Amino acid sequence: ILHMRKEFTIDHIETIADDVLALCVPRTSGATVLALTGDLGAGKTTITQSIGKKLGVTENMISPTFVIMKHYRLKTSDYRLLVHIDAYRLDSSAEMKTLGFDTLIADPENLIVIEWPERIADILPTDCIRVSLEHLEENKRALIVE
């Protein structure tokens, strides 16, 4: 994956979602994992919502902060399931295992988007797509792909 840095305004989040989705290439073994880092309010949930919309999710996608994980069935994409995880409230990756993370991560038809991935870094695949969102100004952000 190429290193990339783009500055954008929040009203261009859909274009940035296209850029991020272009990085998500289905794998033959295991789920595609997108790890989104950034401070509170940087836009992690907003970009996840835009990705979901682009993949055909019609229901309202809210941050799964309190439920940890939400699943969305996909009909018009290379993936069958979009899994949105917010690891902010987790104390350890062991908590993800009790939620069936091993099964989800093993399925190549899953696209898994994780907010606060640093909280469960020890169970993330080494080839996950790492994207950081940096808060520059009130409506301006930077997207960094490493």
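Keep in mind the model is a prediction, meaning the values are calculated, not measured.

A. Main features of the overall build of the chain. Looking only at helices and strands, one finds four helices and seven strands in the chain. In the chain, the succession of helices and strands from N to C terminus is β-α-β-α-β-β-α-α-β-β-β. What you see for the chain is a C-alpha radius of gyration of 14 Å, in line with the 15 Å of a compact globule of 146 residues. For the chain, with 146 residues in total, the buried portion stands at 49%. Considering only residue pairs separated by 6 or more positions, the chain has 65% of its internal contacts joining residues 24 or more positions apart.

B. Structural view of the pairing of strand 5 (residues 110-115). Of all six residues in strand 5, six are buried, a share of seventy percent or more. In strand 5, alternate side chains face the same way, and those of N110, I112 and I114 on one face and L111, V113 and E115 on the other are all buried. Relative to strand 5, strand 4 (residues 81-86) runs parallel, the two sharing six bridges. Bridge pairing links I85 to I114 in strand 5.

C. Quick look at the nonpolar core. By size, the foremost hydrophobic cluster in this structure holds 26 residues, and its most contacted members are L34, I47, I51, L82, L111 and L143. Of all elements in the fold, only helix 1 (13-23), strand 2 (32-37), helix 2 (44-54), strand 5, strand 6 (129-137) and strand 7 (140-145) reach the threshold of two or more residues within this core. With five residues, the top contributor of residues to this core is helix 1. Core analysis: the next-biggest nonpolar cluster, separate from the first, contains 21 residues, A31, A35, I68 and M69 among them.

D. How the structure looks around the sheet that holds strand 4. If you walk across this open sheet you meet the seven strands as 1-7-6-2-5-4-3, and the pairing is mixed. Two strands lie at the open edges of the sheet, namely strand 1 (4-9) and strand 3 (69-73), each paired on one side alone. Neighbouring strand axes in the sheet, compared pairwise and without regard to direction, differ in orientation by 20° on average. Running over the sheet, helix 1 touches strand 1, strand 2, strand 5, strand 6 and strand 7 and is turned about 155° from strand 1.

Calculation notes
- Residues numbered from 1 in each chain as written.
- Predicted model: local features only at pLDDT ≥ 70, side-chain atom pairs only at ≥ 80, totals over all residues.
- Heavy atoms only, no water.
- Helix = DSSP H or I, 4+ residues; strand = E, 2+ residues; numbered from the N terminus.
- Rg over C-alpha atoms; globule rule 2.2 N^0.38 Å.
- Buried < 20%, exposed > 50% of the residue type's maximum accessible area, 1.4 Å probe, protein only.
- Contact = heavy atoms within 4.5 Å.
- Pairing = 2+ DSSP bridges.
- Core = buried A, V, L, I, M, F, W, Y, C linked by side-chain atoms within 4.5 Å.
- Axes fitted to C-alpha atoms, helices over the stretch in contact; angles between N-to-C directions.

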